[in-house]
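The residues making up each chain are set out below.
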Amino acid sequence: MAVSQQVFLRDAMRRLNLTRDVFAARVGVKRRALDTWLLPEGSQEFRSMPEVVLRFVTEIVENESLLNKYAQSVQSGPLRDRIAVGGKHQLLSVEQFGRESVEELFRVADLMQPIARRQKVSRVLEGAVLGNLFFEASTRTRVSFGAAFCRLGGSVCDTTGFTFSSMAKGESIYDTSRVMSGYVDAMVIRHPEQGSVAEFARATNIPVVNGGDGAGEHPSQALLDLYTILTEFSRLGKLLDGAHIVMTGDLKYGRTVHSLLKLLALYRGLKFTLISPLGLEMPEDIIEHVAKLSNHVIEQSHDLADVKGADVIYATRVQKERFSDEQLEGYTADFQVSKALIDQYCDENVIVMHPLPRDSREGAHDLSVDLNDDPRLAIFRQADNGIPVRMAIFAVLLGVENLVQHSMRDVTWNPPSHIGPEDAVFHGMY
Ligand code: NCD
């Protein structure tokens, strides 16, 4: 097998769109056996699946993809060409993706897991330089894009804020972008104005990734959010089609929810409950876009009790820095996703997400810290997924995704077996 058993099986389940239970039944094995095959190699409970199962699963997947080929005219060619914008290899919006292409990107992210988990190293991007241009506050997006590029063997040059860039001297976006393109091989840009990253992208032929453009989009965050939901659902034996997704907080200015809502809409029959304080509702054009894509149910509310029955609660921070004349009516201490709220309205299989940073200061209420030890809180697993997903984005945009598998070598240092204290609980996921 060219890939690990775990990657192979997860990919098969995703392609067939089957939960663990249904997949186990289709293959004719006990769910418990399947669980042990899905563990990381090297973990104590791990078991190798029999050769006959490997052949059988390969056959079902191949049959399914043959059927798909006849059923719909499958597009071909490298993924980067299929998601290109105006012929350029850039990531500006989630609207560049369809369900097929997003899942193809996730197969590349799965391949990256041994590198992201510090078991393997790769140098497929050796010699390449990333320009990380952040004209707005950032911690995880900037560092995780940088770390993802480094883990593929590239190097990173950073600039942060307007004050220390030539834009403070009146330089245009066009000039900055063109000049940077002479220095680096790819750029990640975060900028406070909606549409500005697209302007950077028009001025260059090197790959540009939108790291957040004002209240516009944050495509890489939405991709890692969707990847997290699919991974958590696979652990819980759920399918995304038909799921109930709740988004809370500042849905007007929160760019992560703008991108995530559009991306989730590629699936079928979802129920979306959009709960915001008064005046911070999801923009109408995004709701219309989602309504056009499939038979989704979209409900808007100002009452947190409407989290009832959610499969996913995605909380967000109020983006006060983007306010013009809004008042925060209705955003009181009760407007908070807390342990009491999810204990009252949701079951033990709900997952609670947040793009982070959560505002932990007094008077901020996006997500309570009393969920910190609750396994339903997926925020750190979500943030960890930023690495494999951003590695996949770079590998695809720079056209090296097919070289990754054979480029991997064992790490020479001794990383901890679990990167976070609570990871052991979710061992089965990785
Ligand atoms: C978000 C952002 O910058 O849009 N953070 C992130 O990138 N993970 C969310 C926020 O700032 O509230």
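Here the structure is a predicted model, which means the values were calculated and not measured.

When helices and strands are tallied, the chain shows 16 helices and 11 strands. In terms of overall dimensions, the chain has a C-alpha envelope of 65 × 55 × 50 Å along the principal axes. Taken over 430 residues, the chain has a buried fraction of 54%. Here the chain displays about 19200 Å² of accessible surface, and carbon together with sulfur accounts for 50% of that area. In the chain, 46 positive and 56 negative side-chain charges are present, and the distance between their average locations comes to 6 Å.

Before going further, it helps to spend a moment on the domain arrangement of the chain. Segmenting the chain into domains produces domain 1 (1-71) and domain 2 (220-383). The C-alpha centroid of domain 2 is placed 31 Å from the C-alpha centroid of domain 1. Contacts between the two partners involve 8 residues from domain 1, matched on the other side by 10 residues from domain 2. At the boundary of domain 1 with domain 2, total buried surface from both sides reaches about 670 Å², with 44% on carbon and sulfur atoms. The largest per-residue losses of area from domain 1 upon contact with domain 2 belong to R10, N17 and T19, which jointly make up 57% of the total buried on that side. Our count for the domain 1 to domain 2 interface comes out at 0 salt bridges. Across the domain 1-domain 2 interface, the total number found is 2 residue pairs in polar contact (both at pLDDT 80 or more). No other element matches the 3 residues that helix α1 (residues 5-16) contributes to the side of domain 1 that touches domain 2. Residue composition of the side of domain 1 that touches domain 2, by class: 2 nonpolar, 2 polar and 4 charged.

In space, the 4 strands of this open sheet follow the order β3-β2-β4-β5, with parallel pairing throughout. Because the sheet does not close on itself, it has two edges, and the strands there are β3 (155-160) and β5 (208-213). Neighbouring strand axes in the sheet, compared pairwise and without regard to direction, differ in orientation by 10 degrees on average. Against the sheet, helix α8 (residues 173-181) engages β2 (129-134) and β4 (186-191), with an angle of about 150 degrees to β4.

What follows is about the pairing of β3. In terms of strand pairing, β2 meets β3 through 6 bridges, oriented parallel. For L133, the partnering residue across the bridge sits in β3 and is T159.

Turning to empty space enclosed by the protein, a few remarks are in order. Overall, the coordinates contain 3 cavities of 30 Å³ or more when judged by the stated rule. Reported here for the largest cavity is a volume of approximately 250 Å³. Together, 17 residues line the largest cavity, and M13, R14, L18, L230 and S234 are the ones closest to its centre. Elements supplying a minimum of two residues to the lining of the largest cavity: α1, α6 (99-116) and α10 (219-236). The greatest single-element share of the lining of the largest cavity, amounting to 4 residues, is contributed by α10. For the lining of the largest cavity, the residue count by class is 7 nonpolar, 4 polar and 6 charged. Residue assignment places the lining of the largest cavity across two domains, with domain 1 (1-71) and domain 2 (220-383) each supplying three or more.

Once that is clear, we can look at the pairing of strand β8 (residues 297-301). The sheet contact formed by strand β7 (residues 271-275) and β8 spans 5 bridges and is parallel. Following the sheet pairing, T273 is matched in β8 by E299. Considered for its hand, the β-α-β crossover made up of β7, helix α12 (residues 284-293) and β8 is right-handed.

In spatial order, the strands read β8-β7-β6-β9-β10; together these 5 strands make up an open sheet with parallel pairing. The open sheet has two edge strands with one neighbour each: β8 and β10 (351-353). Between one strand axis and the next, the sheet turns through 15 degrees on average, direction left out of account. As defined by bridge partners, strand β6 (residues 244-248) adjoins β7 across 5 bridges and the pair is classed as parallel. For T248, the partnering residue across the bridge sits in β7 and is I275. Strands in contact with helix α11 (residues 255-264) are β6, β7 and β9 (312-315); relative to β6, the strand with the most contacts, it is inclined by about 165 degrees.

The subject of this paragraph is the site of the ligand. Looking at the ligand, the residues that line it are R140, T141, R190, H218, Q221, R255, T256, R317, Q319, P355, L356 and P357. A distance of 3.1 Å separates a nitrogen atom of the ligand from a polar side-chain atom of Q221. Here an oxygen atom of the ligand sits 2.8 Å away from a polar atom, N or O, in the side chain of R317. The fraction of the free accessible surface of the ligand (320 Å²) that becomes covered by protein chains is 93%. The set of elements that each furnish at least two residues to the shell around the ligand consists of α7 (140-151) and α11. The residue makeup of the shell around the ligand, split by class, is 3 nonpolar, 5 polar and 4 charged.

In this section: the packing of α1 against helix α2 (residues 20-27). The contact between α1 and α2 brings their axes to 11 Å, and the two run at 100 degrees. Here α1 is positioned roughly perpendicular relative to α2, judged by the angle of their axes. Touching L9, A12, M13 and L16 of α1 are R20, F23 and R26, all from α2. Per-class residue counts for the contact of α1 with α2 are 5 nonpolar, no polar and 2 charged.

Within the secondary structure layout, S165 lies in the loop between β3 and α8. On a C-alpha basis, the gap between S165 and A25 in space is 58 Å, while along the polypeptide they are 140 residues apart. Setting aside residues up to four positions removed in sequence, S165 forms contacts with F135 and T159.

What counts, and at which threshold
- Residues numbered from 1 in each chain as written.
- Predicted model: local features only at pLDDT ≥ 70, side-chain atom pairs only at ≥ 80, totals over all residues.
- Heavy atoms only, no water.
- Helix = DSSP H or I, 4+ residues; strand = E, 2+ residues; numbered from the N terminus.
- Buried < 20%, exposed > 50% of the residue type's maximum accessible area, 1.4 Å probe, protein only.
- Areas by Shrake-Rupley, 256 points an atom, 1.4 Å probe, with all protein chains shown as cover.
- Lys, Arg positive; Asp, Glu negative; His and termini not counted.
- Charge placed at Lys NZ, Arg CZ, Asp CG, Glu CD.
- Domains from an automatic or database assignment.
- Contact = heavy atoms within 4.5 Å.
- Buried area = accessible area lost by both parts, 1.4 Å probe.
- Salt bridge = Lys/Arg side-chain N within 4 Å of Asp/Glu carboxyl O.
- Polar contact = N/O pair within 3.5 Å; in protein donor to acceptor, adjacent residues only side chain to side chain.
- Nonpolar A, V, L, I, M, F, W, Y, C, P; charged D, E, K, R; others polar.
- Pairing = 2+ DSSP bridges.
- Axes fitted to C-alpha atoms, helices over the stretch in contact; angles between N-to-C directions.
- 1 Å grid on protein atoms, 1.4 Å probe; cavity = no way out; pocket = protein on both sides within 12 Å on 5 of 7 lines; lining within 4 Å.
- Points joined across faces, edges and corners; volume = space filled by probe spheres on them.
- Right-handed = clockwise from strand over helix to strand, strands pointing away.
- Near = heavy atom within 4 Å.
- Parallel < 35°, antiparallel > 145°, perpendicular 65-115°, else oblique.

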